Amino acid sequence: MALRWRQCAGLQRSTVKWSRSSSSVPAMPNCDFKPQPYSGRSFMDTMKLRKDFLSPALLTYYKKHVMVNQGHMQWLYDIEGNRYLDLFGGIVTVSVGHCHPKVTAALTEQASRLWHTTNIYLHPGIHEYGRKLAERMPGNLKVCYFTNSGSEANDVALKMARIYTKAHDVVSLRNGYHGAGSANLPFLSLSAWKPALPQAFGSHQSMNPDVYRGPWGGSRCRDSPVQTLRECNCMPGVCEANERYVNELNDLLVHSVPKHIAGFLAEPIQGVGGTVQFPKDFLKRAFDLVRDRGGLCISDEVQTGFGRLGSHYWGFEAAGVIPDIVTMAKGIANGFPMGAVVTTPEIASVYESFLTFNTFGGNPLSCAVASSVLDVIDEE
């Protein structure tokens, strides 16, 4: 989330030592960027407009609400000129910095040439970006379908898996979040986000393999710089918690679904559910169980993709697996509305059996922005 700091003119990179018990606030590093003065509506007028004309479902963080005026790389500036270090990144979306100059230049150039045209016609951007994105995918994940959001990407992936396998049942994990649309709602396993509506049949949730809050697991159960302090009996190469959570998934497959299923949908690290990392090898074992029943494995990379984990381009790579379908959004275009589904040519071919169309998916503007984001990630 955004952290507010006092403006400290003339300070060099901070040498102030700080501890939880310290009352002093460490100084921020210098930043030569000067935000444009704000001259728009007042805070109170804006809050009234929000109350009168926007959905009451919109969340507003902090007791004293932040009204943002401008962004520059890792910094945000409010209407009073206060500078914030943005650790939230627009809900894990600003992947290469606010108004990154290379991304801004790509958007500006494309906007002066062509904003929108139907994908029934050809335009260079979608084809070039499809190639660049596929080059960063392992295995035979080479065919792209572009959408406008992660929810829409997961909708497409679920439909694709069900058509390809000629099955309907899909397994996911409790505590998972895959969007809140009608098709995604059965796989949204967080009660605070679920309206009291009938849920579509064919969705099944297995126990969440959470070694921090779950019934099993402890400090030796996952590959992470952050570990729970809870002790466990796991030994090198043998994770008891993983075995128990895998058994829970297997029990669900044995008792609650048909012998042939459509797939398994999971985030490599759960985002909305609290940054939950699974035990070592859980996803490998889960993928094997699902594929034994003819299901496809879908990796929801909406929050973990595009280098978000630091060591790999994709979260599933850190887990040592290759899914059959990958969904992505958020960091794909640094905050510009875009999503994508990437799969194999064989699975993608099922979409030829009926007419499908996406008005805005892969439009010239989004592809220009997303292409420049890939360049920045590789360069910087």
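The present account deals with the structure reproduced in this document.

Analysis parameters
- Residues numbered from 1 in each chain as written.
- Predicted model: local features only at pLDDT ≥ 70, side-chain atom pairs only at ≥ 80, totals over all residues.
- Heavy atoms only, no water.
- Phe/Tyr/Trp six-rings, centres within 6.5 Å; stacked < 30°, edge-to-face > 60°.
- Lys NZ or Arg CZ within 6 Å of the ring centre and 35° of its normal.
- Pairing = 2+ DSSP bridges.
- Helix = DSSP H or I, 4+ residues; strand = E, 2+ residues; numbered from the N terminus.
- Axes fitted to C-alpha atoms, helices over the stretch in contact; angles between N-to-C directions.
- Salt bridge = Lys/Arg side-chain N within 4 Å of Asp/Glu carboxyl O.
- Buried < 20%, exposed > 50% of the residue type's maximum accessible area, 1.4 Å probe, protein only.
- Parallel < 35°, antiparallel > 145°, perpendicular 65-115°, else oblique.
- Left-handed = near helix turned anticlockwise from the far one by under 90°.
- Contact = heavy atoms within 4.5 Å.
- Nonpolar A, V, L, I, M, F, W, Y, C, P; charged D, E, K, R; others polar.

Some remarks on the packing of aromatic side chains
Here a ring pair, both rings aromatic, is described through the centre-centre distance and the interplanar angle of the planes.
(1) Moving on: As enumerated under the stated definition, the model contains twelve aromatic pairs in all.
(2) Moving on: Cluster of aromatic residues (ring-pair linked, three or more members): Tyr-61, Tyr-62 and Phe-88.
(3) Moving on: Against the face of Trp-75 rests Arg-83, its NZ or CZ located 4.4 Å from the ring centre.

A few points about the sheet that holds strand 12 (residues 325–328)
(1) Moving on: Pairing is mixed in the open sheet, where seven strands are placed in the order 5-13-12-11-8-6-7. In this open sheet, the two edge strands, each paired with only one partner strand, are strand 5 (143–147) and strand 7 (203–206). Neighbour-to-neighbour, the strand axes of this sheet turn through a mean angle of 20 degrees, independent of strand direction.
(2) Moving on: Where strand 11 (residues 296–300) lies against strand 12, three bridges are found, and the strand directions are parallel.

Some thoughts on the pattern of salt bridges
(1) Moving on: In the structure shown here, the tally under the stated rule is twelve salt bridges.
(2) Moving on: Between Glu-109 and Arg-113 there is a salt bridge whose closest N-O contact spans 2.7 Å.
(3) Moving on: Arg-113 sits in the exposed class, given a relative accessible area of 62%.
(4) Moving on: With a shortest N-O distance of 3.1 Å, Arg-285 and Glu-243 are connected by a salt bridge. With Arg-285 in helix 7 (residues 282–292) and Glu-243 in helix 6 (residues 240–255), this pair connects stretches of sequence that are 42 residues apart.
(5) Moving on: A single network of salt bridges, built from pairs that share partners, joins Glu-128, Arg-131 and Glu-135.

Some words on the packing of helix 3 (residues 101–111) against helix 10 (residues 364–379)
(1) Moving on: Packing of helix 3 against helix 10 leaves a shortest axis separation of 9 Å and a crossing angle of 155 degrees. By the criterion of interaxial angle, the relationship of helix 3 to helix 10 is roughly antiparallel. Crossing hand, helix 3 versus helix 10: right-handed. On the side of helix 3, the interface is formed by Lys-102, Val-103, Ala-106, Leu-107, Gln-110 and Ala-111, while helix 10 contributes Pro-364, Leu-365, Ala-368, Val-369, Ser-372, Val-373, Asp-375, Val-376 and Glu-379.
(2) Moving on: In terms of residue class, the contact of helix 3 with helix 10 is made up of ten nonpolar, two polar and three charged.

Limitation: the analysis is restricted to geometry and does not speak to function.
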